[in-house]
Amino acid sequence: MKEMDRYRGVWVFAEWKDSQVIKGSLELLSLGRGLADELQVELSVLLMGDRLGGIPEELIYYGADVVYVIENPILERYTTSPYHRILCDLIRENKPEIVLFSTTHLGMDLAPRVACELKTGLSAHCVDLKMDKENRQLLQICPYFDYMATIVTDTRPQMATVQPGITSPPRRDDSRQGKTVRVEFKIEPGDIKIVEVEAKKEEDTEKIEEADVIVAVGRGLKDMRLAEELASVLGGVLGATQPITEAGLLQESRMIGQTGKIVQPKLYIACGISGAGQHIVGMQNSGTIVAINTDEKAPIFKVADYGIVGDVSKVIPALIESLKG
Amino acid sequence: MNIVVCVKQVPQEIRINKTKGTLIRDGIKGVINPCDKNAIELAVTLKEKHGGKITLVSMGPKDVENTLTHGLAMGADQAVLICDRVCAGADTLATAFALATVIKKLDDVQLVLCGKETADSGTQHVGPQVAHYLGIPQVTYVVNLLIEGSKIRAKRQLKDEYETVEAGLPALVTVVKGINEPRMPTYLDIYEASKKDTHKWCAEDLGLKEDEVGIQGSPTRITKVFAPEAKRECKMLRGSIEDISSSLANDLKSKGLV
Amino acid sequence: MDFSYTKEQEVLKNVVREFCDKEVAPRAAEFDRTAEFDYSIIEKLSKQGLLGVIMPKEYGGMGGSHVDQAIICEEIGRDSLTAMVATNMAWYMAYECLVVGTEENKKRWIRYLFDGKKMGAHAGTEADAGTDAASVRTWAKLEGDEWVINGTKWFVSNLGKADFYFITLRTADSRYGGISTILVEKDTPGMTIGRRVDLISNRAISNGELIFENCRVPRENLIGRLNKGFLDMMVLYDVIRLYLAIGAVGIARGALEESLKFAQERRQFGKPVGEFQMIRAMLADMATEIDAARLMTYRALDMEEKGLRHTKETSMAKLYASEIADRVTYKAVQIHGGYGLTMEFPVQRYWRDARLCSIGEGTSEIQRLIIAAELLKSQNIVLDSALD
Ligand SMILES: Cc1cc2nc3c(=O)[nH]c(=O)nc-3n(C[C@H](O)[C@H](O)[C@H](O)COP(=O)(O)OP(=O)(O)OC[C@H]3O[C@@H](n4cnc5c(N)ncnc54)[C@H](O)[C@@H]3O)c2cc1C
Ligand SMILES: Cc1cc2nc3c(=O)[nH]c(=O)nc-3n(C[C@H](O)[C@H](O)[C@H](O)COP(=O)(O)OP(=O)(O)OC[C@H]3O[C@@H](n4cnc5c(N)ncnc54)[C@H](O)[C@@H]3O)c2cc1C
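The shown structure was predicted, so the numbers you read here are calculated from the model rather than taken from an experiment. (Residues numbered from 1 in each chain as written. Chains lettered and ligands numbered in written order. Predicted model: local features only at pLDDT ≥ 70, side-chain atom pairs only at ≥ 80, totals over all residues. Heavy atoms only, no water.)

**As for the overall build of chain B**
Operational definition: Here a helix means four or more residues in a row that DSSP labels H or I, a strand means two or more in a row labelled E, and each is numbered from the N terminus. Between buried and exposed lies partly exposed: a residue is buried under 20% and exposed over 50% of the maximum accessible area for its type, with that area taken using a 1.4 Å probe on protein chains only. Only heavy atoms matter for contacts: two residues are in contact if any of them lie within 4.5 Å across the pair.
In terms of regular secondary structure, chain B is built from six helices and 13 strands. Summarising its shape, the C-alpha atoms of chain B cover approximately 70 × 40 × 40 Å along the three principal directions. When the 258 residues of chain B are sorted by exposure, 54% land in the buried category. Considering only contacts within chain B whose residues lie at least 6 apart along the sequence, 68% involve residues at least 24 apart.

What follows is the structure, encoded as structure tokens:
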């Protein structure tokens, strides 16, 4: 038997906050469930922390077959080294073929270090996962500038961090049965000590993640006032691509996409946005998407419901007129 | 205190070959990755306070030398460039391995600084992976860093909160852009910089084997690059601007979105 | 022969670019619209050690090469010719002192004038003395230890903004042998600002009339040798004109870069307009001419560096660079179609600004006269043929 074939099973690393599994982790359960069914293996979830209460059961309701629970006061708040140690040891022992993380600050701190110790590949910011069933190879699909790239890993386990918001959480079914495995570890506090945690003061009072209507601005729009006016007519808020926030035209809190926020408004109007993969991952699940761009080949039209090929600085004023009328 | 800053050269402007979907590097000037400039700035301010020596470490093609000179002009003391055809095509694991190998060869490195991510591929992996190869703690997403004796005190910028942590030295820190405003070197700095040493090392100089670096040392492979498929049926609105906008406005109204 | 930049020059170019991206590019359209330049840019440039780098270290400069200085000028000119002209005016006069000044001049004035803040201006032209610069009628007469100046200057760049003015004027009757340069500091009684001119080119550099009525300045304000001002000016122009040439190269490069971007984005007939051969031909010609102009300018600067005479080479570079800047910016507007004529795109500004290059610091006609005179080895041909 090849070494690779000793690896079986799909694992998801779950994160929680305020006694609740975070949405990104639930989405991983959706993806993980699909992959596990395709490969006909178990879906296991790894849960670490302290005073975890009913979270393990919840994970089963959301689709886990097995939940590995490691509870310890040292794990109450994440620090790299204990989490890293436990995860590496468990993976070595159980040999899952796939391990998924959500693209969060925690996931991005932990996953690379684990992949490094295990000398295996890790793909970043995946927006879709497919399966080459014959080779049991995970097709990890990531934004590649305006395009998409499929990344595969020849070593095991195959590890990926997945963008939040690319799929919906699974349906909760409290009749589902599963196994909870409590693992005992001798845990060292590690080399990092948390001395203070303070909530971020949001200087930006409008939360784009919660808005129903977003008027998003890209490099194709020269006059920010037009977008502001359209947003105010629609009762929406302004969002932006990275180049716009980097140029200081809008606050960083308005950045939508891979390194910014993931939004799902009812209406999303993309003004002069070409639609680089890094942006699309942040907005593609919006309700209705309208795209205005001079280039009819712009990738943004591929995720839009309505497309207008034209100069945004002319289209917006006309649209404002029509909306008012 | 000796500090290493990992510096990647990225194209000044991201331009895509529209038929192949690949990044165009030819004819586009290479510059220091934006966050790495912040890392250099941090190193220089730390050096101003605590003394020591700053070494820039980079892996990339030969022309990275000029980019490194820019970093030297900002105040670093020397640079090391890993430049070898066998290192090309490295994924993050192979990149981190090569960088860590160089860092281990340097004397008494107490602090390694990286950017949070690069502007061209931006995986955010390299920092934590270099830390692992060096066997030292990593502190990521740092917006403020103080050195207190043999410890660092770092403020991490997370989603809804700031977390301040302490870690012993040696350690690796990845910085976010907001940490500082990188200085622009002056004319004299530039001429001083060119007198500083830039060591060019190939894989052999570092004792790196071919299957540890570059494509061979990389467990990930890109098998396909493709244009994203249409996720939705896009209704293209045509006609005069007035017609387009009134029909769109009507549709949005009828869907209750306005 | 070496056509490549040194490592330092590569970095210098990047650093100046970074400076311009932050300080110049975002403001350039505003300078044009409001006809107001922000002179604080000069102080910032000076803090980076990038102002007048060719000035020797002993005079507060960097002792840099002319090519270094040209790299700086081209980069600034790429975003705003106005900004380049304005920043140069903060070191030109000190450079003039260096090249033509007496030892006393240098001691008394260079450090004082070249402090990273003070702006200069040069007033030569008069309403009736343009190309025929030796026909100036503004007079300075020595009374005791003071020069008393009377007359009116015209087309004075930096009018009202400058801290000091270098006035080219008459100190004796002889046509070429009676010209001198005298420095007048701002707020000197007897010097007033007259009519201002509204320009279409480099609008943010204030310009107009400077009037002298019994304006008295100390004797030490004579720059260079008495009555040798015309010759001194010719010597100086051999270098100064090259910096206008490199500014022309910069602005032409800006026009090309904007055109390349536009040609790839704008689609007609189902493809980017950059796919049409006629547009491609324009882009190719633009790039070729820019390169040629830059090389000609560098060649003349290199000759200056080596202490060779380069009057002809300077005039060739100035002539060629300013004329291609006009052609290139014209084509840039053409490539942009109707958008090229809107204020939303910068190419119209480049086109207007570039127009100055073939008029200021000796028109293209004068450059041709100089080149021909050099070729024919005739003496004073420029000046005298005009008088015939
Ligand atoms: C679009 C795209 C997607 C990719 N996805 C993946 C993927 O999913 N998995 C994978 O393994 N590889 C991936 N790669 C390959 C990866 O880009 C390379 O391995 C690269 O050498 C390092 O990764 P990074 O640029 O993402 O660095 P990051 O991890 O984002 O960089 C963080 C910091 O590490 C330091 N650093 C990074 N590279 C260097 C260097 N060459 N020299 C010195 N310091 C450096 C810098 O301080 C930098 O700020 C991808 C490449 C592209 C173009
Ligand atoms: C924006 C701007 C800024 C300026 N700044 C300054 C400044 O700071 N200081 C300063 O002193 N001056 C300045 N000038 C003046 C500038 O140097 C003159 O405009 C220029 O020298 C031409 O002089 P003129 O305008 O009187 O034209 P004229 O000399 O009247 O020329 C008219 C035309 O006749 C041509 N011509 C003249 N003589 C001959 C000849 N012998 N053979 C062939 N053709 C000939 C010219 O080339 C031109 O085409 C500025 C001008 C402008 C527009």
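**Considering the overall build of chain C**
Here is the rule: In this description the radius of gyration comes from C-alpha coordinates, and the expected globular size is given by 2.2 Å times residues to the power 0.38.
Across its full length, chain C carries 13 helices and 10 strands. For a compact globule of 388 residues, the expected C-alpha radius of gyration is about 21 Å, and chain C comes in at 21 Å, within 12% of that figure. Principal axes of the C-alpha set define a box for chain C whose edges measure 80 × 45 × 40 Å. In chain C, which comprises 388 residues, the share counted as buried stands at 56%.

**Some words on the interface of chain C and chain A**
Filter applied, for reference: A simple way to read buried area is as the amount of 1.4 Å-probe accessible surface that goes missing from two parts once joined, with both sides added. A pairing counts as a salt bridge when a side-chain nitrogen of Lys or Arg comes within 4 Å of a carboxyl oxygen of Asp or Glu. For this analysis, a polar contact is any N or O atom pair within 3.5 Å, provided that within protein one partner can donate a hydrogen and the other can accept it, and provided that sequence-adjacent residues contribute only side-chain to side-chain pairs. Classification convention: Asp, Glu, Lys, Arg as charged; Ala, Val, Leu, Ile, Met, Phe, Trp, Tyr, Cys, Pro as nonpolar; all other residues, Gly among them, as polar.
Contacts between chain C and chain A engage four residues on the former and six residues on the latter. Around 460 Å² of area is buried between chain C and chain A when both sides are counted, 41% of it from carbon and sulfur atoms. Of all residues in chain C, the largest losses of buried area upon contact with chain A belong to Arg267(C), Tyr339(C) and Glu344(C), amounting jointly to 76% of the total for that side. At the junction of chain C and chain A, the tally comes to one salt bridge. A salt bridge links Arg267(C) to Asp295(A); the shortest N-O distance between them is 3.4 Å. Put simply, chain C and chain A have one residue pair in polar contact (both at pLDDT 80 or more) between them. In the side of chain C that touches chain A, the residues fall into one nonpolar, one polar and two charged.

**Structural notes on the site of ligand 2**
Residues and elements named next belong to chain C. Heads up, the condition is: Throughout, the term near means that a residue has one or more heavy atoms lying within 4 Å of the molecule or strand in question. In this description, accessible areas are obtained by the Shrake-Rupley approach with a 1.4 Å probe, and a residue is regarded as covered only by the protein chains that are shown. Domain ranges listed in this record stem from an automatic or a database domain assignment.
Not every one of the 16 residues close to ligand 2 is listed here, only the nearest: His122, Thr125, Thr131, Phe155 and Glu365. Take Ser157: an N or O atom from its side chain is 2.8 Å from a nitrogen atom of ligand 2. Protein chains bury 64% of the 970 Å² of accessible surface belonging to ligand 2 in isolation. Here the residues of the shell around ligand 2 are counted per class, giving seven nonpolar, eight polar and one charged. A domain-level breakdown of the shell around ligand 2 finds at least three residues from each of domain 2 (120-227) and domain 3 (230-382).

**Section: the nonpolar core**
Note the threshold: Definition of nonpolar core: a set of buried residues of the types Ala, Val, Leu, Ile, Met, Phe, Trp, Tyr and Cys, connected through side-chain atoms within 4.5 Å.
Counting residues in hydrophobic clusters, the biggest one holds 130 residues, and the most contacted among them are Val5(B), Leu56(B), Leu111(B), Ile152(B) and Tyr243(C). Broken down by element, this core gets its largest block of residues, 16 residues, from helix H8 (residues 229-265) of chain C. Ranked by size, the runner-up nonpolar core spans 39 residues in total, among them Val21(A), Leu47(A), Leu138(A) and Ala160(A).

**Re a nonpolar patch on the surface**
Residue and element names in this part refer to chain C. Going by this rule: Residues enter patches when they are more than 30% accessible in relative terms and free of salt bridges; like-charged ones are connected within 9 Å and nonpolar ones (Val, Leu, Ile, Met, Phe, Trp, Tyr) within 5 Å.
Together, Met1, Phe3 and Leu295 line one region of the surface with nonpolar side chains, adding up to about 450 Å² of accessible area. Of note, Met1 is situated in the segment before helix H1 (7-23). Given a relative accessible area of 93%, Met1 falls into the exposed group.

**Considering the environment of Cys357(C)**
All names here are of chain C. With respect to the helices and strands, Cys357 occurs in the loop between helix H11 (347-354) and helix H12 (364-376). For the pair Cys357 and Ala325, spaced 32 residues apart in sequence, the C-alpha to C-alpha distance is 8.0 Å. Setting aside its immediate chain neighbours within four residues, Cys357 contacts Leu81, Leu244, Ala248, Lys318 and Ser322.

**Things to note about unusual backbone geometry**
Across the junction of Arg156(A) and Pro157(A), the peptide omega takes the value -5°, indicating a cis bond. Mapped onto the elements of the fold, Pro157(A) is located in the loop between strand E10 (147-153) and strand E11 (158-162). In this model, Leu169(B) is joined to Pro170(B) through a cis peptide bond whose omega is 0°. Examined against the element boundaries, Pro170(B) turns out to sit in the loop between strand E9 (161-168) and strand E10 (171-175). Within the chain, Gln40(A) stands out as a residue other than glycine whose phi angle is a positive 55°. Structurally, Gln40(A) is set in the loop between helix H1 (23-39) and strand E4 (43-49).

**A few points about the site of ligand 1**
Surrounding ligand 1, one finds 31 residues, the nearest of these being Lys8(B), Asp36(B), Thr118(B), Ser121(B) and Thr123(B). More than one chain lines the surroundings of ligand 1; the residues nearby belong to chains A and B. A distance of 2.9 Å separates an oxygen atom of ligand 1 from a polar atom in the backbone of Gln124(B). At a separation of 2.9 Å, an oxygen atom of ligand 1 approaches a polar backbone atom of Val126(B). Burial of ligand 1 by the surrounding chains reaches 93%, relative to a free accessible area of 930 Å². Of all the elements in the fold, those that place two or more residues in the shell around ligand 1 are strand E7 (122-126) of chain A together with strand E4 (54-59), helix H3 (92-105) and strand E6 (109-115) of chain B. Along the lines of polarity and charge, the residues of the shell around ligand 1 split into 13 nonpolar, 13 polar and five charged.

**Quick look at the domain arrangement of chain C**
Residues and elements named next belong to chain C. By domain assignment, chain C separates into domain 1 (7-113), domain 2 (120-227) and domain 3 (230-382). Spacing between the C-alpha centres of domain 1 and domain 2 amounts to 23 Å. Between domain 1 and domain 2, the residue contacts involve 23 residues of the former and 21 residues of the latter. Taken together, the two surfaces of domain 1 and domain 2 that pack against each other cover about 1900 Å², and 57% of this comes from carbon and sulfur. Taken together, the connections running from domain 1 to domain 2 amount to two salt bridges. Linking Lys161 and Glu36 is a salt bridge whose minimum nitrogen-to-oxygen distance equals 3.2 Å. Mapped onto the side of domain 1 that touches domain 2, the elements with two or more residues apiece are helix H2 (28-34), helix H5 (81-88), helix H6 (92-100) and helix H7 (103-113). With five residues, H7 is the largest single contributor of residues to the side of domain 1 that touches domain 2. Of the residues belonging to the side of domain 1 that touches domain 2, the class tally is 14 nonpolar, four polar and five charged.

**Looking at the side chain of Gln158(A)**
Residues and elements named next belong to chain A. Its location among the elements puts Gln158 in strand E11. Residue classification places Gln158 among the buried residues on the basis of a relative accessible area of 0%. Side-chain polar atoms of Gln158 contact the backbone oxygen of Arg136, separated by 3.2 Å. In terms of polar contacts, Gln158 uses its side chain to reach the backbone amide nitrogen of Leu138, at 2.7 Å. Dropping the residues within four chain positions of it, Gln158 is found in contact with Glu97, Ile98, Val99, Arg136, Gln137, Leu138, Gln140 and Thr153.

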